[in-house]
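Secondary and tertiary structure notes
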Amino acid sequence: MSLFDAGQAIAAPRYQTVTDSLKQIRSKFDDQRKRLPIEKVYLHTDKPYYNIGDTLWLKAYVTDGAKHASKYSGLLYIELNDDSTETVRQISIPIKEGLGMGQIPLPRKIFHEGGYTLRAYTNWQQNFGDGFFFTQRLYLGVPARATWLVKSAAALEHVGDKDRLDVDIKLNLGDRKPVSLSDVEVKIYEGRYYLFKENLRTGIDGSLVFSKLLKDKVDGRNLSIQISSRDKAFPNKVIKIPLVINRDAKIDLQFMPEGGKLVAGIPSVVGFKALGEDGNSIDIKASIIDSKGTKVADIVSFYKGMGSFTITPEGGQTYMVKLIGGRSNNKTYNLPAVNLIGMAMHVDAPEGPDAIKVNIKGSNNTIGEYYLTGLSAGRICYAEKVDLNNKEISIDKMTFPTGITRLTLFNGMPPVAERLIYIDHKDRLDIRITPNKTTYQKRDSVSLDIEVKDSGGIPVQGSFSLAVTDNTQVKPDTMGNFNITTNLLLRSELKGNIETPGYYVDRKDPKAWQALNNLLLTQGWTNYNWADVFTPTTQPKFAMEKDLSITGTLVNVLNKPVADALVILSSQKPQYTATAFTDTAGRYSFKNLPQTDSAAFFLQGNTKSGKNMSFGAVNVNRVELPSVPVMYRNPIMPWFVNSDTTQLNLVKRLSQKANFTDMDGEGTMLRNVNIRTAKAIKNSQNPYGPGMSDMSFDEQDVKESAVMNLWQLLRQKMPGLICYGYRFIDQSGRRIPLLRWGNFYINGAPPTAIIPPGFDLNIDGNVLSTQAGESDSELLKSVPAAVIKGIEVIYSTKFTNRSVQVGGGLAKPGYRDYQYAKIEITTNNGVGWYRKNSPGRAVYRPLPVMHPKEFYRPKYTAKGSVSEPDYRSTIHWEPQIYTDFNGKARVTFYTSDLPNNYTIDIQGMTPEGELGSAVLKFPEVKPELRTP
């Protein structure tokens, strides 16, 4: 039932004293809303973190600005990006009536241990930037009995004019016994470069304690420590963990006056937000001092580094803020400048049902007409001309739906003040679950009866997803940080990272409402920008994708469009053929193509007479996906650092599986590289001979990688590979990329090298390079994965010390005074890759479309034999729950060998936008978090 349907408590939009300017504001906004409708995305996953070998199960909810099921997009892009800014896995899933389901297997062939960002978006959303994208940080681990467990603490002490880093680490084995009196090498890294190196010995309790002075220019958000065993008892043991430090001199303190400006003589509320060097909130105390040196007030952060204070600024004065306490007494910040002319707006939005109070004051020389609008759920719900003689404007809260409302004050057309507030009518869905028993045995049958009602107690029909997880292995989201209401009502409306967003929406703490008010004072808005609303319209760059389509143009040898020509599209797997004729602009279009996870389409252009084109080109409009944001400065701690019993239990349970044979893995860095028996690649030009490589990946491996191009494939198979530049190789202007993989150089060399670099990246026996005049920035991305038959990586000296001839006679030295690696690429046709397709032809492989598979659910019988222990961390995943006319549904599954300590996490919505979520204990079914 919609919030805006007849009979609901939400009032109709309020428009008073409608003037021409108000009409124009409303008209411009309505045009923008119709032309560029908002979409939002939420992903419900079965659990918050995973291990290599798991499957990530998900359900997608795609809504419009009013939280109704979206009718705009039919495809959703989902990707897992690692912290080196590389997309490791990228898929799309079909969306129907705002819903979609899928899964992402996490095999060892593709993924490596580390931090990842799960990101989801529609093509249409790219028109608005990444503010509406769904993102969730997670860690992908490789639990192993032999992994060292780390207790890590880092602190800073001020010594003279330097900061001293004090590190206290304790190393334990998987059974909690200390790594006693063991010799190790310790390196502190900034990014990939190490700053310090020292050989140490652990204490009897496994402790490592040391100190180092830091340089001011060191990036504190990119520090890590690597510990390598030098003890024969722990051969090849290497672990690398982030170091979290916060130097007071690096605190970022920002001030945001309510409404936008400080105006002389007018009391104003100012919000502030303090971030530490690690990018997270940090609590502060400070004094406000005017330009005369007089202390005006003391301030202190309220929650997560945020707070607010009231000040009446004087004209001609400047104000600074001086931190108090610790080593920060000399750190000062400036408040925003005081304006002699302007408007100030103060809004009081209480948590309860009382009306919103808006106070608007201006300097004595303010002129013109002023209007106040209220924007929520993607539309203007309130609009009124402002009488500046009135001390206060009162707005009924029922004017707005639950969620963030944006109040904007206009002087004619330009906005002059703005304020975000939160409205909560407590109108989320009420979800209740009743199990068929009060206690359960091992491998017992479970039946859950689900009942969903709206806030008025009326049963509702809707779509829901449910995850049941084992509390001894998976931490439940009891704060609601990842639920549908928190994401669609708060996270999707605000820019930037929000720490513990569930705290603001669930509000178990009496202080949470004030904390939410401070958040809205200091956090940016992601919705429509008024400047864009009032500027002339432009054509959106990114289209609404209703289905899998291929479009493009057919051009002749002069790059002119060819009209009324036949274009033939075909694929072998699946077998499919279609035809289309170009329009007057030479454009062709194929819609409703078969959605598969591995299709490659061949396009052939014909002349008007029906013959194959022997000139010109078939251009394909390839999907343009957004860049991956830098996340290495926002690290997630590995599972083995400061582990709690939940994480350790997960490792224990995995090791108890009878068929789990790889629990004795080594440290993080060495586990990242999937070293395997090298395969011989047929027709390879490997200069060392068939099968003579350290790693090789054949055509099947390439297909299973599900990547789009060579660069993605190399980064997937060689984690940590970077491109740090290019160099010219001849006078014609050809260039080759310079790569580095750990300590190995490819096409390049360290600055201290005496022997010059060789030619180490070859394709079908020839150097992979740009041609004269071509751009080299996208060289590696320009080679599609579909043409690659195999890749061989050679780095051990048993191969690289040999003397060979490659690249049409280019000499490759058999010895160099640095470590280097060679990559040999073999293509399907064996003649290399040419970025220009044959005349009149093109090959295009779209992003894989992943269709949902059924979650494996064991079916136990009373007489069944126990073949192996059942310690599932995800007990059950059910993405397709539809409540009937009575608001009811039923779910069944079996318990594991640990039957009595589960959490049920259910999320969902109605087609009209009513949201609901609940986190419940099982089998007691007590609410940990319910958002009625």
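Every chain is numbered on its own, with residues counted from 1 as its sequence reads. Residues qualify for local features only when their pLDDT is at least 70, as the model is predicted, and side-chain atom pairs are given and counted only at 80 or more; totals for whole chains, interfaces and linings, by contrast, use all residues. Where side-chain values are given, they derive from all heavy atoms of the structure, hydrogens and water being excluded.

Attention now moves to the overall build of the chain. Numbering goes from the N terminus for both helices and strands, where a helix is a DSSP run of H or I of at least four residues and a strand is a run of E of at least two. For the chain, the helix and strand inventory stands at eleven helices and 57 strands. Each of the 932 residues in the chain was classed as buried or not, and the buried ones make up 54%. It only takes one pair of heavy atoms within 4.5 Å for two residues to be counted as in contact. When contacts within the chain are restricted to residue pairs at least 6 apart in sequence, long-range pairs at least 24 apart make up 69% of them. Surface accessibility follows the Shrake-Rupley procedure with a 1.4 Å probe radius. Residue values consider only the protein chains on display as shielding. Split by element, the accessible area of the chain, about 40,700 Å² in all, is 50% carbon and sulfur. Here the term buried applies to any residue with accessible area under 20% of the maximum for its type, exposed to any over 50%, and partly exposed to those in between, with areas from a 1.4 Å probe on protein chains only.

Picture a little ball the size of a water molecule; that probe, rolled over the atoms, points out where space is still empty. Grid spacing is 1 Å over the protein atoms alone, the probe is 1.4 Å, and a cavity is where that probe fits but cannot get out, while a pocket is an open set with protein on both sides within 12 Å along at least five of seven lines and lining residues have an atom within 4 Å of a point. Grid points are joined across faces, edges and corners, and a volume is the space filled by probe spheres set on the points. One pass over the full model with this rule turns up seven cavities of 30 Å³ or more. Approximately 170 Å³ is the volume attributed to the largest cavity. Lining the largest cavity are 17 residues, and of these T45, K47, P48, D477 and D905 sit closest to its centre. Those elements that place two or more of their residues in the lining of the largest cavity are β2 (39–45), β35 (463–470) and β55 (902–909). The leading source of residues in the lining of the largest cavity is β2, at four residues. Of the residues assigned to the lining of the largest cavity, the class counts are seven nonpolar, five polar and five charged. For this classification, the nonpolar set comprises Ala, Val, Leu, Ile, Met, Phe, Trp, Tyr, Cys and Pro, the charged set comprises Asp, Glu, Lys and Arg, and every other residue, Gly included, is treated as polar.

The subject of this paragraph is the packing of aromatic side chains. Working definition: rings of Phe, Tyr and Trp (its six-membered ring) pair if their centres are within 6.5 Å, and the pair is stacked with planes under 30 degrees apart, edge-to-face with planes over 60 apart, and tilted otherwise. For the structure shown, the criterion picks out 32 aromatic pairs. A centroid spacing of 5.3 Å and a plane angle of 50° characterise the contact between F744 and Y795, whose relative ring orientation is tilted. On the criterion of sequence distance, the pair formed by F744 in strand β45 (residues 744–746) and Y795 in the loop between β48 (788–794) and α11 (797–800) is long-range, its members being 51 residues apart. Note on accessibility: F744 and Y795 belong to one class, buried. Every member of this aromatic cluster is reached through a ring pair, and the members are F29, F410, W530 and F534. Seen from the ring of Y882, K59 lies directly overhead, with NZ or CZ sitting 5.7 Å from the centre. The ring of Y189 is capped by K240, whose NZ or CZ atom sits 4.0 Å from the centre of that ring. Remark: a charge is flagged as sitting over a ring if the NZ atom of Lys or the CZ atom of Arg is within 6 Å of the ring centre and within 35 degrees of the ring normal.

What follows covers the confidence of the model for the chain. Interpreting fine coordinate detail is not advised for predicted regions of low pLDDT. Confidence of the predictor in every single residue is expressed as pLDDT, which spans 0 to 100. Averaged over every residue, the pLDDT of the chain is 85; residues scoring 70 or more account for 89%. For the stretch residues 658–676, pLDDT sits under 50, and the model shows 59 contacts to residues farther than four places along the chain or on other chains.

Being paired, for any two strands, means DSSP has found at least two bridges between them. Pairing analysis gives eleven bridges linking strand β10 (residues 149–159) to strand β11 (residues 162–172), with the strands arranged antiparallel. Bridge assignment links A153 to a residue of β11, and that residue is D168. Here β10 folds back onto β11 in antiparallel fashion, the turn holding two residues, of which G160 has a positive phi close to 65°.

This paragraph deals with the sheet that holds strand β8 (residues 114–121). Paired through their backbone hydrogen bonds, the strands of a sheet run either parallel or antiparallel. Spatially, β3-β9-β8-β5-β6 is the arrangement adopted by the five strands of the open sheet, whose pairing is mixed. Sheet topology places β3 (50–51) and β6 (87–94) at the edges, where each strand pairs with a single neighbour.

On to the pairing of strand β38 (residues 576–581), then. Alignment of strand β37 (residues 566–571) against β38, held across six bridges, turns out to be antiparallel. Within β38, the residue paired with V567 across the bridge is A580. Between the end of β37 and the start of β38, which pair antiparallel, lie four residues.

Here we come to the nonpolar core. If you look at soluble globular proteins, the nonpolar side chains tend to sit buried side by side. Put simply, a nonpolar core is a bunch of buried Ala, Val, Leu, Ile, Met, Phe, Trp, Tyr and Cys residues held in one set by side-chain atoms that sit within 4.5 Å of each other. Within the largest apolar cluster, 52 residues are counted, with the highest numbers of intra-cluster contacts made by L43, L76, I78 and Y504. Per-element accounting of this core gives the leading share, six residues, to helix α4 (residues 512–522). Not counting residues within four places of it along the chain, the set of residues in contact with I78 comprises L43, L58, R89, Q90, I91, I93, I104, L118, R119 and A120.

The residue V238 is located in strand β16 (residues 238–242) in this model. When its relative accessible area of 11% is taken as the criterion, V238 is described as buried. Along the primary structure V238 and S228 are separated by ten residues, whereas in three dimensions their C-alpha atoms are 4.4 Å apart.

Any Lys or Arg side-chain nitrogen found within 4 Å of a carboxyl oxygen on Asp or Glu counts as a salt bridge. Scanning all chains against the criterion turns up 36 salt bridges. Of the charged contacts, one joins E499 and K304 as a salt bridge, the two residues approaching to 3.9 Å between their closest N and O atoms. Taken together, the residues span a long stretch of sequence, with E499 in the loop between α2 (484–489) and α3 (501–506) and K304 in the loop between β21 (295–300) and β22 (306–311) at a distance of 195 residues. Judged by relative accessible area, which is 28%, K304 ranks as partly exposed. What you see here is one network of salt bridges that share partners, running through K109, K679, D698, D701 and E704.

For a helix, the expected span equals 1.5 Å multiplied by the number of residues minus one. Over its 16 residues, helix α1 (residues 20–35) extends 22 Å from the first C-alpha to the last, a length consistent with the 22 Å expected when each residue adds 1.5 Å. Listing the buried residues of α1 in full gives L22, I25, F29 and Q32. Buried residues along α1 cover an arc of 100° about the axis, so they all sit on one side. Exposed positions of α1 whose direction lies more than 90 degrees from the buried face are D20 and K34. In this description, the arc belongs to the directions extending from the helix axis to the C-beta atoms.

We now examine unusual backbone geometry. With omega at 10°, the peptide bond leading from F922 into P923 counts as cis. Position of P923 relative to the elements: it lies in the loop between β56 (915–922) and β57 (927–930). Residues other than glycine seldom take positive phi values, yet N559 does so here, at roughly 65°. Here N559 lies in the loop between β36 (550–555) and β37. Taking relative accessible area as the criterion, N559 reaches 56% and is therefore assigned exposed.

Our next topic: helix α9 (residues 710–717). With eight of eight residues buried, α9 is to be regarded as a mostly interior element. Between N or O atoms, a polar contact is any pair within 3.5 Å; within protein, one atom must be a potential hydrogen donor and the other a potential acceptor, and residues adjacent in sequence are included only when both atoms are from side chains. Where α9 begins, the capping side chain belongs to N709, and its oxygen is found 3.1 Å from the backbone nitrogen of W711.

Read across the open sheet, the five strands follow the order β42-β48-β51-β46-β47; overall the sheet is mixed. Bordering the open sheet on either side are β42 (695–697) and β47 (766–767), each of which pairs with just one other strand. Relative to strand β51 (residues 822–827), β48 is paired through six bridges, and the arrangement is antiparallel. Considered in β51, the bridge of I794 is made with K822.

Now for a nonpolar patch on the surface. By definition, no residue in a patch forms a salt bridge, and every one has over 30% relative accessible area; like charges are joined within 9 Å, nonpolar side chains (Val, Leu, Ile, Met, Phe, Trp, Tyr) within 5 Å. On the surface, V557, L558 and F615 cluster together to form a nonpolar patch covering roughly 330 Å² of accessible area. Looking at the element boundaries, L558 is found in the loop between β36 and β37.

Our focus in this paragraph is the environment of E451. Tracing the sequence through the fold places E451 in strand β34 (residues 445–453). Taking the relative accessible area as the measure of exposure, E451 reaches 28% and is therefore partly exposed. Considering only alpha carbons, one finds E451 and R432, 19 residues apart in sequence, at a separation of 5.3 Å. When sequence neighbours within four positions are dropped, the list of residues in contact with E451 reads D430, I431, R432, G887 and K888.

As for its position among the elements, T826 is in strand β51. Apart from the residues lying within four places of it in its own chain, the contact partners of T826 are I681, K682, N683, S684, Q685, D764, V787, I788, K789, G790 and E792.

Looking now at the environment of T800. Mapping T800 onto the fold places it in helix α11. Note on T800: relative accessible area 3%, which makes it buried. Along the backbone, T800 and Y815 are 15 residues apart, and their C-alpha atoms lie at a distance of 7.2 Å.

So, on to the side chain of S571. Turning to its location among the elements, S571 is positioned in strand β37. Judged by its relative accessible area of 8%, S571 is buried. One polar contact links the side chain of S571 to the main-chain carbonyl oxygen of P574, over a distance of 2.5 Å.

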